[in-house]
Amino acid sequence: MPEHRVVEPTGVGDGFRAGFMKGLVNGADYEVCGRLGSVAATYVLEHVGGQSHAYTWDDFRVRYERHFGSLPL
């Protein structure tokens, strides 16, 4: 997924896991889980430090749907 800017990779793997797990607990298939992980990881990549990013579910959903189509959750 394209990022707006690359700032720091610290925490990107954790962000991916968080998005992936969000999909799993909501019954999504692995492809959707991976896409959720990708979006979450991208937010982390765009900010300094592994915990300085923030977004709303609506922001997340819009970004997901811009790149992957309708979010099936």
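So, here is what we can say about the structure in this document. (Residues numbered from 1 in each chain as written. Predicted model: local features only at pLDDT ≥ 70, side-chain atom pairs only at ≥ 80, totals over all residues. Heavy atoms only, no water.)

**A short note on the overall build of the protein chain**
Phase 1 of the analysis: Scanning the protein chain from N- to C-terminus turns up 3 helices and 0 strands.
Phase 2 of the analysis: Taken as a whole, the protein chain presents about 4400 Å² of accessible surface, with 54% of it coming from carbon and sulfur. (Helix = DSSP H or I, 4+ residues; strand = E, 2+ residues; numbered from the N terminus. Areas by Shrake-Rupley, 256 points an atom, 1.4 Å probe, with all protein chains shown as cover.)

**Section: the pattern of salt bridges**
Phase 1 of the analysis: Considering all chains together, one arrives at 5 salt bridges under this definition.
Phase 2 of the analysis: Between Arg35 and Glu31 there is a salt bridge whose closest N-O contact spans 2.6 Å. Of this pair, Arg35 and Glu31 both sit in helix 2 (residues 30-45), 4 residues apart, which is roughly one turn of the helix.
Phase 3 of the analysis: Among the residues examined, Arg35 registers a relative accessible area of 25% and is labelled partly exposed.
Phase 4 of the analysis: Glu31 gets classed as exposed once you look at its relative accessible area, which sits at 52%.
Phase 5 of the analysis: As a salt-bridge pair, Arg61 and Glu65 come within 3.6 Å of each other at their nearest N and O atoms. Note that Arg61 and Glu65 are positioned in helix 3 (residues 57-68) at a spacing of 4 residues, about one turn of the helix.
Phase 6 of the analysis: It is possible to trace a salt-bridge network through shared partners that takes in Asp58, Arg61 and Glu65. (Salt bridge = Lys/Arg side-chain N within 4 Å of Asp/Glu carboxyl O. Buried < 20%, exposed > 50% of the residue type's maximum accessible area, 1.4 Å probe, protein only.)

**Observations regarding helix 1 (residues 12-25)**
Phase 1 of the analysis: Taking 1.5 Å per residue, 14 residues should reach 20 Å; helix 1 reaches 20 Å between its end C-alpha atoms and fits that length.
Phase 2 of the analysis: Of the residues making up helix 1, those classed as buried are Gly15, Gly19 and Gly23. The arc that holds every buried residue of helix 1, seen down its axis, measures 75°, which confines them to one face.
Phase 3 of the analysis: Taken together, the buried residues of helix 1 touch helix 2. (Expected span 1.5 Å × (residues − 1). Arc of directions from axis to C-beta. Contact = heavy atoms within 4.5 Å.)

**Some details on the environment of Glu46**
Phase 1 of the analysis: Summarising the element assignment, Glu46 is placed in the loop between helix 2 and helix 3.
Phase 2 of the analysis: The class of Glu46 is buried, set by a relative accessible area of 3%.
Phase 3 of the analysis: On a C-alpha basis, the gap between Glu46 and His4 in space is 6.9 Å, while along the polypeptide they are 42 residues apart.

**Description of a nonpolar patch on the surface**
Phase 1 of the analysis: Taken together, the side chains of Met21, Leu24, Val25 and Tyr30 define a hydrophobic patch exposed on the protein surface, amounting to about 470 Å² of accessible area.
Phase 2 of the analysis: The element contributing the most residues to the nonpolar patch is helix 1, with 3 residues.
Phase 3 of the analysis: Position of Val25 among the secondary structure elements: in helix 1. (Patch = residues over 30% accessible without salt bridge, like charges linked within 9 Å, V, L, I, M, F, W, Y side chains within 5 Å.)

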